[in-house]
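Coordinate inspection notes
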Amino acid sequence: MLLDVVFSIDSILTAVGMTDILPVKYAAVIVAVAVMFLASGPVMRFVGENPTVVMLALAFLLMIGVVLIADGFGHHVPKGYIYAAMAFAAFVETLNMLARRRGGLKAHRQPGV
């Protein structure tokens with residue numbers, strides 16, 4: 001939950017920092033908070049029903065972090081590679097979720113876990 005709060009505040013600060021017009025800043029904060037408030041329930045239900053999405057999101061964050069660090073050291077990674085990898089992973093996860101819903105794929109559990 002703390003991570004969600006940090007990323008939510010980060011997105012609000014990004015929206016506020018993109019303009020010098022005060023009413024636009026106010027509107028950005030109000031809209032961002034409203035969207036987060038309205039989306040929190042459906043997102044929590046979706047994540048509760050599909051816990052593997054959490055690992056996928058963490059992997060995306062890790063990949064973006066590594067790319068940002070590489071960029072900081074002067075090694076440019078083309079964004080197309082990143083987007084293609086993320087799209088492919090999301091596609092595979094979507095297929096896995098559909099297969100689990102249809103009963104064709106069972107979540108594998110390790111003995112004793």
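Remember, it's a predicted structure, so these values are computed and weren't measured experimentally.

In a structure, side chains of opposite charge can pair up when their charged atoms sit close to one another. Across all of its chains, the model carries two salt bridges by this definition. Measuring nitrogen to oxygen at the nearest pair gives 3.7 Å for the salt bridge that ties Lys79 to Asp71. Of the residues examined, Asp71 reaches a relative accessible area of 33% and is grouped as partly exposed.

The terminal C-alpha atoms of helix α4 (residues 79–101) lie 33 Å apart, and with 23 residues this matches the ideal 33 Å at 1.5 Å per residue to within 8%. Taken together, the buried positions of α4 are Ile82, Met86, Glu93 and Met97. Buried residues belonging to α4 abut α2 (22–49) and α3 (52–72). One or two residues past the end of α4 sits Gly103, with phi positive at roughly 85 degrees.

With that out of the way, let us pick up the packing of α3 against α4. Relative to each other, α3 and α4 sit at 175 degrees, their axes nearing to 11 Å. One way to sum up the angle between α3 and α4 is to call them roughly antiparallel. Residues Thr52, Val53, Leu56, Phe60, Met63, Ile64, Val67 and Asp71 of α3 touch α4, and the partners they reach there are Lys79, Ile82, Ala85, Met86, Ala89, Ala90, Glu93, Met97 and Arg100. Of the residues in the contact of α3 with α4, the class split is twelve nonpolar, one polar and four charged.

Time to look at α2. Compared with the 40 Å implied by 1.5 Å per residue over 28 residues, the 40 Å span of α2 between its first and last C-alpha is a close match. At Ser40, α2 is deflected by roughly 40 degrees, the largest bend along its length, and proline Pro42 occurs up to four residues later in sequence.

Conventions and cut-offs
Residues numbered from 1 in each chain as written. Predicted model: local features only at pLDDT ≥ 70, side-chain atom pairs only at ≥ 80, totals over all residues. Heavy atoms only, no water. Salt bridge = Lys/Arg side-chain N within 4 Å of Asp/Glu carboxyl O. Buried < 20%, exposed > 50% of the residue type's maximum accessible area, 1.4 Å probe, protein only. Helix = DSSP H or I, 4+ residues; strand = E, 2+ residues; numbered from the N terminus. Expected span 1.5 Å × (residues − 1). Contact = heavy atoms within 4.5 Å. Axes fitted to C-alpha atoms, helices over the stretch in contact; angles between N-to-C directions. Parallel < 35°, antiparallel > 145°, perpendicular 65-115°, else oblique. Nonpolar A, V, L, I, M, F, W, Y, C, P; charged D, E, K, R; others polar. Bend = angle between axes of the 7 residues up to and from the residue.

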